[in-house]
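# Secondary and tertiary structure notes
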Amino acid sequence: MVCPESIEGDAVTLDRLQPVRQLSINSARSLYREVGFLIDTFEKPCVLADALVPDCPVIGVSDSFAKLSGYSRDEILGQNCRFLLKDVPGCRISRSGRRNLRSMIRMCRLIGLSNMGSTSCCQTNRKRDGNTFLNMFAVGLVLLNEHPFLVGVQCEMASDESMTQVKQDQHAFIEQIRVILQQGLSEKATTLLTKENFLSPRPRNLAGPAFSPKALTDRVILLNDRRTVMRREPCEIPNGCVVISENPIRRTRQGLFFALRMEGVLRDGWHTSWPMLGLSTISPEDMQRDGYPLRAEWCGKSVCIGGEFQAFVREKEQHFHGTSALEEELQKFEGPQPRWRNRPTTPWDLGEGDVMGMLYAPNGDIHLMLNYETVLTVSTGKPLEQKDYYALVDCRGQAYELMLLPYEMPVVGYMQELALQPLISHKVVDHVARAAASLAVAECSFSVSIADPSQPDMPLVAVSPAFETMTGYPCAEIVGLNCRFLNHDCEMSFSERVKLRRACQTGKPFTGLLQNRRKTGELFVNLLDMRGLCVAKDAETGEDIWYLVGIQSDVTDLVNRDGTAEIKKRHAEKLRGVAENLRRELPKVFAEVAVTSRHSMLETPEETAEKEVSNTTKETGDAVVVPAVQGVQAGPKPCNVPMIALVEPDWLKYDSVDDDSEPEQVDLRAKKLPAALRAGHVQRPNFPESISVSSFGLRWNSIPIFAAFVLGLGSTVLGQFFVKRFRLGQ
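All of the points below concern the structure found in this document. What you see is a predicted model, and the numbers here were worked out from it, not measured in a lab. (Residues numbered from 1 in each chain as written. Predicted model: local features only at pLDDT ≥ 70, side-chain atom pairs only at ≥ 80, totals over all residues. Heavy atoms only, no water.)

## What about the overall build of the protein?
Secondary structure summary: the protein contains 15 helices and 28 strands in total. By the burial criterion, 52% of the 730 residues in the protein qualify as buried. Expressed as a percentage of contacts within the protein between residues at least 6 apart in sequence, the contacts between residues at least 24 apart total 68%. About 34100 Å² of surface is accessible on the protein, with carbon and sulfur atoms providing 52% of the total. (Helix = DSSP H or I, 4+ residues; strand = E, 2+ residues; numbered from the N terminus. Buried < 20%, exposed > 50% of the residue type's maximum accessible area, 1.4 Å probe, protein only. Contact = heavy atoms within 4.5 Å. Areas by Shrake-Rupley, 256 points an atom, 1.4 Å probe, with all protein chains shown as cover.)

## A short note on the side chain of Arg73
Structurally, Arg73 is set in helix α3 (residues 73-76). Leaving out residues up to four positions away in the same chain, Arg73 has contacts with Tyr32, Asp40, Val61, Ser62 and Asp63.

## Some remarks on the pairing of strand β21 (residues 447-451)
Extensive coverage of β21 is indicated by the burial of five of its five residues. Residues of β21 alternate between two faces, with Ser447, Ser449 and Ala451 on one and Val448 and Ile450 on the opposite face, all of them buried. Strand direction decides the pairing type here: β21 and strand β25 (residues 544-554), joined by five bridges, are antiparallel. Within β25, the residue paired with Ala451 across the bridge is Leu548. Inspection of the sheet shows β21 paired to strand β22 (residues 460-463) by three bridges, in the antiparallel sense. Among the inter-strand pairings, Ala451 is bridged to a residue of β22, identified as Leu460. (Pairing = 2+ DSSP bridges.)

## Some thoughts on the nonpolar core
Counting residues in each nonpolar core, the largest one holds 56 residues, and the members touching the most others are Val229, Phe258, Trp274 and Leu279. Per element, the largest residue contribution to this core is five residues, and it comes from strand β10 (residues 256-265). Apart from residues lying up to four places away in sequence, Trp274 is in contact with Gly307, Phe309, Thr346, Pro347, Trp348, Leu350, Met356, Leu368, Leu370, Val375 and Arg396. With 23 residues, the next largest nonpolar core counts Leu113, Phe137, Leu150 and Leu266 among its residues. (Core = buried A, V, L, I, M, F, W, Y, C linked by side-chain atoms within 4.5 Å.)

## Comments concerning the environment of Ile111
Following the sequence through the fold, Ile111 ends up in the loop between α4 (95-107) and β3 (113-116). Between the C-alpha atoms of Ile111 and Gln18, which are 93 residues apart in sequence, the distance is 6.1 Å.

## Focus on helix α5 (residues 163-184)
Look at α5: 31 Å from first C-alpha to last across 22 residues, which is about the 32 Å you get at 1.5 Å a residue. On its buried face, α5 sits against β1 (46-50), β5 (132-144) and β6 (147-156). (Expected span 1.5 Å × (residues − 1).)

## A look at the sheet that holds β1
Taken in spatial order, the five strands make up an open sheet running β2-β1-β6-β5-β4, and their pairing is antiparallel. Pairing within the sheet leaves two strands with one partner each, and these edge strands are β2 (58-61) and β4 (119-126). Between one strand and the next, the sheet's axes are offset by a mean angle of 30°, whatever the strand orientation. Relative to β5, β4 runs antiparallel, the two being bridged by eight bridges. Bridging across to β5, Asn125 finds its partner in Phe133. Its contacts with the sheet place α4 against β4, β5 and β6, and it is angled at close to 15° to β5. (Axes fitted to C-alpha atoms, helices over the stretch in contact; angles between N-to-C directions.)

## What about the sheet that holds strand β16 (residues 365-370)?
Taken in spatial order, the eight strands of this open sheet run β3-β7-β8-β19-β10-β15-β16-β17, and their pairing is antiparallel. The open sheet is flanked by β3 and β17 (373-379), the only strands paired with a single partner. Strand-to-strand twist of the sheet, defined as the mean angle between neighbouring strand axes without regard to direction, takes the value 25°.

Here it is as structure tokens:
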């Protein structure tokens, strides 16, 4: 992804951000009465600002901040904290600090945001009486009902105060304020924070491990329930984004393994470095106490591999902070020399969808994998200890967004023939599903609409001709918009709105009478039946890929009569008809995509002759040079396998006893291998011979196998014993 200058180093496009909203001075005072007042009596100077409003107006002020600045609360509410820079000379204003804050404010609007590291800055400010002071302040994120707020904690620095200690104290104060706000949020405040004109995409039902939210550094952003890490300002800063898993990595017979999928990769810049993957016995609690190192390989008690195609081992418990010679602190292993195709470090550029993995074998060997093929193996001489190990990830270099995958073993299925395997790429699934949806609804004689809940504001992707006739809006005008245009100046109760929003985000069935407005301005009563239809599955994360299907009927003449029950029965039949149409159209569209893309999918990059690397380990200076796996250094980049599996279209399943329950989460350990995948060819990845690899999607546990073996052996011994006794008795 190219980084436009307009976004100042961030690589996130506008479609991933929540829209800003307008806030008047009266609205700011309303937010203060419901939310901001909670920090009035906080002991330290602090303010609360709304990150979804342009210029981030203040909606909460502590008494101590008003005392420090000399301004009253009424003067501050609705203003940006920039008033503290009034009459401060330009030479004493930190440009880098202001740019850092602008980037942080922009990232607060990220859809799916879970946590973000706090940032600190030291700035000269001016009080109301004209006196200047050195203000050391920290800014942190607080999410209230998924609404982002920024908390700023200030401190008037004295000459003898330790800046490091003040920073640590301020970050602790931000955590205290977060708890105060989350516990004190009232039901009325929750209603006030509800977004009227925007629908967030459906929550991603990801399973597996998550990253720890404790003591994050200022460049770290966590998304999707903390299963995705993003580096802030990646075009400007190549490192400083180190995170650790919340729970220990599960130990298997093959050792410890975890994998990451590249969700965001820079097209230009930082091509010489990959993310660094590692394992450490340092727990998240210890990391919260001691802080994160600048680089993953500097973490205490760790083994790491990746980065500039290197591996590191650190025995000391304390982090390395650059205060001593590096060779005295770390054992370093270099990748093969010379590099591929005259590249200085890494052999290939990464791409979105690539999967990096790390396997730490019991004998001390560590393996770096790209798309499930081993590309670098290092023997560290440090066998696995009987301790808990946590995944350590440094989101550095070319990749700026990584998703932690729910794998315990390095397994994958490769497809031999695109037409034989129900697997398509992440970028193709939208085209297939939307094209099939358009064809499916085109044949419907009734009003039907299909929306994509994975996109911001859940836009329409297809409508039937009957929908156009009923509403008066042509397809070309409304595809890409939320159906909200039908509710313009129409009444809707708050409870009905909440149910509709919940149905849009979960796919739960919704039936209701809604007042809508045609393009001509005429009001009508719409009987809406809507629910989610699953069409595919992400084979790596276990997520269902589904669309919202709605059936509409104009019942304006029947609202006062008992005629809606019969229409609801007909709606059920029509919903089944839409599903049947999609069942018929999906294979057709997919077959067309398979034929047109077969050549590009099966084409291999041109291999160039390269100088072979010696297979013998050799010493060069302080680093140990190790060879890559045989055949990899001269070959093409491992294939990026499409991991979206088409499924038979079916409605999302819900518990009939509890209709308000959330959709069932996918249990990856209980997931069955798809029949179509079992029928296809499976190619095993290029792993070391000492590692056994199961087929795609299976999880082997040694305990049941060992128990079955012991039971069988015991049965055999007992059988022989009774046979001998029987013969002796005769």
